[in-house]
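# Secondary and tertiary structure notes
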Number of protein chains: 2
Amino acid sequence: MQPVRLSSKDSILEAAFVLFSRDASASLAEVAAQAGVGRATLHRHFSSRDDLIRTLALVAIDEMDEAVESACANAQSATEVLRLSLAALIPLGDRHGFITQHPIENDAEIAEQFRQADDATREMVEAAKTEGLFDASVSSDWITHVYNALLYAGWESVKQGETTAQQAADLAWRSLTTGLGAAKP
Amino acid sequence: MQPVRLSSKDSILEAAFVLFSRDASASLAEVAAQAGVGRATLHRHFSSRDDLIRTLALVAIDEMDEAVESACANAQSATEVLRLSLAALIPLGDRHGFITQHPIENDAEIAEQFRQADDATREMVEAAKTEGLFDASVSSDWITHVYNALLYAGWESVKQGETTAQQAADLAWRSLTTGLGAAKP
DNA sequence: GCATGATGAGACAATAATGTCTCATATGGG
DNA sequence: CCCATATGAGACATTATTGTCTCATCATGC
């Protein structure tokens, strides 16, 4: 058994995700307290608030990329990539939320990486369209919006204890593809 | 023609919605500047930052209630209420976003009002289920999550200029009920 | 014109947040 | 045991934000 305990740096990052996704104006003192480390230790690892925020964004993007890559290693189609990615991303909903609701327009590198991730989703959506997954008459922009929105809905559902991550992923996928209407007779 | 110009107070509220939904840690100086009023004027109308945030939350809930009520005045069924509410709420997406992503747990009154609004949606969902709109085997909690998520997706789509509010409402409704899958042969 | 009320600009003080520093301690490897 | 490193606690200076105040200006209605 490896120790469950995180390093100071990771504790801080984890605590910051939790706090900042709930309240972007939380102070660094709150973050340090939540992480169970001294305020000075936080500054030893992150030179400034901006540095912390920026690191969080990079970590979030990195974790999401990694989760998607690992989940889709053996995917046989764009459809499968979308389905597996959704399942892999739902547990990272706080990371996703953090990036979307933070003013990272200032940082060119992060904005660019985030744009790339969004573009990748849109490309997958278009590939899945050619596979017959989506109605070709609906814009890929809209489908991408819905994909991201259902990602968030799944995360919310898991966070509130209503479903497991896998159940949420199944529900989100079903909602995306066939909707929630009663079965046609 | 009434003057298009808003009162100082309304200018501030509007600016605060725009800024705070993008960056919850925006300073009051930024809000005042965005509103085109002096910082002192902001404090004449709102005694403190908390007062402003609290007022924003109350206004947001109020506007959403009013929009729903007005849109659904002649609705004949729960299904219609949901459809019309969705269309009415999408243009108020910034209000909705503001409430969901702010730490208003501190204020009992606002938390209660927000909970009531959410409960009302869930009740409508359940009523619509008995009308045969939704698959009865899917939990109302999940349907409510998806409803809110699509509300947000519609707002995003409108904000980015991809669709009009009406188009977004139609897309969201279609996504909710029948999904985005290709038509079955 | 005059009074009234709202406003913008800016000075000001109080407060909160941030970033730096020191020192005592502990933890773990050698 | 000894040393190197990381840490917590807390003092401290700096900065940003917040909230108050005054005064000159402007618009509006009388």
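We now turn to the structure provided with this report.

About the cut-offs
Each chain has its residues counted from 1, running along the sequence as written. All chains are assigned letters beginning with A, and all ligands numbers beginning with 1, in the order in which they are written. A pLDDT threshold of at least 70 governs which residues receive local features in this predicted model, and a stricter bar of 80 or more applies before side-chain atom pairs are shown or counted, although totals over entire chains, interfaces and linings include all residues. Each side-chain value is worked out from all heavy atoms of the structure, with water and hydrogens disregarded. A least-squares superposition brings the copies together, and it is based on the C-alpha atoms of residues with pLDDT no lower than 70 in both. Whether two residues are in contact is decided by their heavy atoms, any of which lying within 4.5 Å being enough. Burial classification: accessible surface area is computed with a 1.4 Å probe over protein chains only, and a residue below 20% of its type maximum counts as buried, one above 50% as exposed, and the rest as partly exposed. Helix and strand labels come from DSSP, where a helix needs a run of H or I of at least four residues and a strand needs a run of E of at least two; each type is numbered from the N terminus. Throughout this description, the term nonpolar core refers to a set of buried Ala, Val, Leu, Ile, Met, Phe, Trp, Tyr and Cys residues connected via side-chain atoms within 4.5 Å. Working definition: residue near molecule or strand if any one of its non-hydrogen atoms lies within 4 Å of it. Distance and chemistry together define a polar contact, namely a pair of N or O atoms within 3.5 Å, with one atom able to donate a hydrogen and the other to accept it when in protein, and with adjacent residues in sequence counting only for side-chain atoms on both sides. Throughout, an axis means a line fitted to C-alpha atoms (over the contacting stretch in the case of helices), and angles, computed between N-to-C directions, take values from 0 to 180 degrees. Oblique is the label for any angle not covered by the other classes, which are roughly parallel (under 35 degrees), roughly antiparallel (over 145) and roughly perpendicular (65 to 115). Crossing handedness is defined as follows: a turn of the near helix away from the far one that is anticlockwise and smaller than a right angle gives a left-handed crossing, while the clockwise case is right-handed. Residues are grouped as follows: Ala, Val, Leu, Ile, Met, Phe, Trp, Tyr, Cys and Pro are nonpolar; Asp, Glu, Lys and Arg are charged; every other residue, Gly included, is polar.

Our next topic: the relation of the copies chain B and chain A. Between the two copies, chain B and chain A, the superposition gives an RMSD of 0.1 Å; the rotation angle is 180 degrees and the shift along the axis is 0.1 Å. Here the two chains are linked by the operation of a two-fold rotation axis. Closest approach to the rotation axis within chain B is made by the C-alpha atom of glycine 179 of chain B, at a distance of 1.8 Å. Both copies share a contact surface, since 100% of the interface residues of chain B are interface residues in chain A too.

The next subject is helix H6 (residues 93-100) of chain A. Residues and elements named next belong to chain A. In terms of burial, H6 is a largely internal element, seven of the eight residues being buried. Regarding H6, the residues found buried are Gly93, Asp94, Arg95, His96, Gly97, Phe98 and Ile99. Looking at the packing, one finds that the buried side of H6 touches helix H1 (8-22), helix H4 (49-71), helix H5 (78-89), helix H7 (108-130) and helix H8 (140-159).

What tends to happen in soluble globular proteins is that the nonpolar side chains get buried as a cluster. Counting 108 residues, the largest nonpolar core has Phe20 of chain A together with Phe20 of chain B as its most contacted members. When residues no more than four places from it in sequence are discounted, the contact partners of phenylalanine 20 of chain B are Ala26, Leu28, Val31, Arg49, Leu52, Ile53, Leu56, Phe98, Gln101 and His102 of chain B.

Moving on to the protein's contact with DNA strand D. Close to DNA strand D lie 18 residues; Ser8 and Thr41 of chain A together with Leu28, Arg39 and Arg49 of chain B are nearest. The separation between a phosphate oxygen of DNA strand D and a polar main-chain atom of leucine 28 of chain B is 2.9 Å. With respect to DNA strand D, the side chain of arginine 39 of chain B contributes an N or O atom lying 2.6 Å from a base oxygen. Of all the elements in the fold, those that place two or more residues in the surface near DNA strand D are helix H3 (39-45) of chain A together with helix H3 (39-45) of chain B.

For the rest of this paragraph, the subject is the packing of helix H1 (residues 8-22) of chain B against helix H2 (residues 28-35) of chain B. All names here are of chain B. In contact at an axis separation of 8 Å, H1 and H2 are set at 120 degrees when each is read in the N-to-C sense. Classed by the angle they form, the pair H1 and H2 counts as oblique. Classified by chirality, the crossing of H2 by H1 is right-handed. The residues of H2 that touch H1, namely those facing Ser11, Ile12, Ala15, Ala16, Val18, Leu19 and Phe20, are Leu28, Glu30, Val31, Gln34 and Ala35. Counted by class, the contact of H1 with H2 contains nine nonpolar, two polar and one charged residues.

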